[in-house]
Amino acid sequence: MNEVSAQELRRVEVFGGLPDDQLAWLAGNGDLLLFKTGETVFSAGDPADSMIVILEGALELLIGIGGQLVPTFVQYAGEVTGLLPFSRMQHYTGAGRAAGSLRVLRIPKGRFPEMLQRIPALGQRLASVMADRVREATRVAEQRQKMSALGTLAAGLAHELNNPAAAVRRDAEGLQRRLDSMADLAADLCASGLDEASLHALGALAKALRERPPASLDAMARSRREDAIGEWLDARRVDDAWTLAGTLVDSGVTEADLDAIGERVPPAAVASAVRWIETLVDATRLAHHIHAASARISELVQSVKIYSHMDRAADKQAVDLREGLDSTIVMLGHKLKKKSLQLEREYATDLPRVAAYPGELNQVWTNLLDNAIDAAPEGGLIRVEARRDGVSSAAVRVIDNGPGVPTEIQSRIFEPFFTTKPVGHGTGLGLDIVERIVVQQHGGGLDLESEPGRTVFTVRLPIAL
């Protein structure tokens, strides 16, 4: 069909009940367009300059989430999309493509005034369509953004967990090798002819070395100590002297400790005694590493538990702001490291608890910190402050040293779908979500102060009584 009939337009819901002359005007003032499967109807960033009436087929809409255009929902024959009268949209934030063969009528915005004058009923109908579309787009985009944020946090958590988990596995394997060698080393030591007093003295020295914290050495000092210990072992014809030297230095052993071994055992037993000592202190070092790595894993799991608000009621509670802020910082730690950002925290000692929904509040910290990370330059600074704010509220400030938000758009920064990020790199819903959670759900306040080199978002929340 190469023409648009009044009967065909009558099947469009928003045009239902319009007289034939008004439908004929619509048909005569639009451009009929045909698209094949997968063809682009409009792209992200294109000017939004016309209303699109879907006559046949379906139009798939894609929204930018996390730097990608993600299929979001589909509109079918009988629906209208694109720019509608009264809309302030200037450019498409997403893209539209044909899902199968598609036939549309495109009415340019230059004809909107005459269209509303000739067909007054359309004004209210299209305003209702636009309100429904905004609600649906917001709902879908919010869900997508939450899923995208969850994916980002999960990837970061997996990265954070991988390092200590790999360390536990590596050091556990090393510890097992050390334990397997202990029986042979003990047999060698006994065969070397040590008397009971020498064995007790060697055991006491080993215990002292295992309990001693390793010395903190810079590269130069470590190299000098390793050379000295290697020469001490080499002079006494100890096999693998230079390999043993590295392990002994890592465990905090000094030349004086080796001299003490030489004083406690006969010369023929020195090599066996050193190997026994080296195995014991290295096994202790590996055990300490496993403990530290497993503690890190426990810390990350606890941060996830706090962040996700597990095992707590869904009602408002007296919330410690430090817990939520710290757990969110842990969850976003990989992004801070990726840009080599410095993070400063300053929490007042008298910081009061606030009345809040912890899970929703963590969404606020995630969005604000994520924006700050994006805005800060490579190697830049992010600062998080929390303190009492007057008699009845507490304030949290998230500060970055990025380029700032231009003065002319600061009044629009909390509008839904408004974003300063490139097309496809943001939904423009992050700060809208922040404002709704802080102001509508918690009765708090949200402010922005920005100039080049310093942007401050301030969240004020009522103190728990």
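Structural data are supplied above this passage.
Residues numbered from 1 in each chain as written. Predicted model: local features only at pLDDT ≥ 70, side-chain atom pairs only at ≥ 80, totals over all residues. Heavy atoms only, no water.

(A) Spatial organisation of helix α8 (residues 255–264). Those residues of α8 that sit buried are D257, L258, A260 and I261. Down the axis, α8 shows its buried residues gathered within 155° of arc, on one side only. Opposite the buried face of α8, at more than 90 degrees from it, the exposed residues are A256 and E263. (Buried < 20%, exposed > 50% of the residue type's maximum accessible area, 1.4 Å probe, protein only. Helix = DSSP H or I, 4+ residues; strand = E, 2+ residues; numbered from the N terminus. Arc of directions from axis to C-beta.)

(B) The packing of aromatic side chains, seen in detail. Going through the model one piece at a time under the given rule, you end up with 1 aromatic pair. Note on F42 and Y92: the rings are 3.9 Å apart at their centroids and 15° apart in plane angle, and the pair reads as stacked. In this pair, F42 sits in strand β2 (residues 40–42) while Y92 sits in the loop between β6 (80–82) and β7 (94–98), placing the two residues 50 residues apart along the sequence. By the burial criterion, F42 is buried, and Y92 matches it. Of note, R236 hangs over the ring of W232, and the distance from its end group to the ring centre comes to 3.7 Å. (Phe/Tyr/Trp six-rings, centres within 6.5 Å; stacked < 30°, edge-to-face > 60°. Lys NZ or Arg CZ within 6 Å of the ring centre and 35° of its normal.)

(C) Here's a closer look at the pattern of salt bridges. Tallying each qualifying case throughout the model produces 23 salt bridges. Notably, a salt bridge pairs E278 with R178, separated by 2.6 Å at the nearest N-O pair. Of this pair, E278 sits in helix α9 (residues 270–308) while R178 sits in helix α4 (residues 121–191), and the two are 100 residues apart along the sequence. The pair formed by E278 and R178 is uniform in burial state, with each residue classed as buried. Linking E226 and R222 is a salt bridge whose minimum nitrogen-to-oxygen distance equals 2.5 Å. Here E226 and its partner R222 are both found in helix α6 (residues 219–235), 4 residues apart, which amounts to about one turn of the helix. Residue class for R222 comes out partly exposed when judged on its relative accessible area of 26%. (Salt bridge = Lys/Arg side-chain N within 4 Å of Asp/Glu carboxyl O.)

(D) The side chain of D282, seen in detail. Looking at the secondary structure, you find D282 in helix α9. When sequence neighbours within four positions are dropped, the list of residues in contact with D282 reads R178, T247 and S251. (Contact = heavy atoms within 4.5 Å.)

(E) Summary view of the sheet that holds strand β10 (residues 342–347). Reading across the sheet, the 5 strands line up as β10-β12-β13-β15-β14 and stay open at both edges, with mixed pairing between neighbours. Only two strands of the sheet have a single partner each, and these edge strands are β10 and β14 (445–451). For this sheet, the mean inter-axis angle between neighbouring strands, taken without regard to orientation, is 15°. Across 8 bridges, strand β12 (residues 381–389) lies against strand β13 (residues 393–400) in antiparallel orientation. Of the residues in β13, the one forming a bridge with R388 is A394. Across the sheet, helix α10 (residues 321–331) is in contact with β10, β12, β13 and β15 (454–462); its angle to β10 comes to roughly 170°. (Pairing = 2+ DSSP bridges. Axes fitted to C-alpha atoms, helices over the stretch in contact; angles between N-to-C directions.)

(F) Up close: a negative patch on the surface. Side chains of D227, E231, D234, E255, D259 and E263 sit close together on the surface and give a patch of like negative charge. Mapped onto the negative patch, the elements with two or more residues apiece are α6 and α8. Mapped onto the fold, D234 is located in helix α6. Assessed through its relative accessible area of 46%, D234 is described here as partly exposed. (Patch = residues over 30% accessible without salt bridge, like charges linked within 9 Å, V, L, I, M, F, W, Y side chains within 5 Å. Areas by Shrake-Rupley, 256 points an atom, 1.4 Å probe, with all protein chains shown as cover. Lys, Arg positive; Asp, Glu negative; His and termini not counted. Charge placed at Lys NZ, Arg CZ, Asp CG, Glu CD.)

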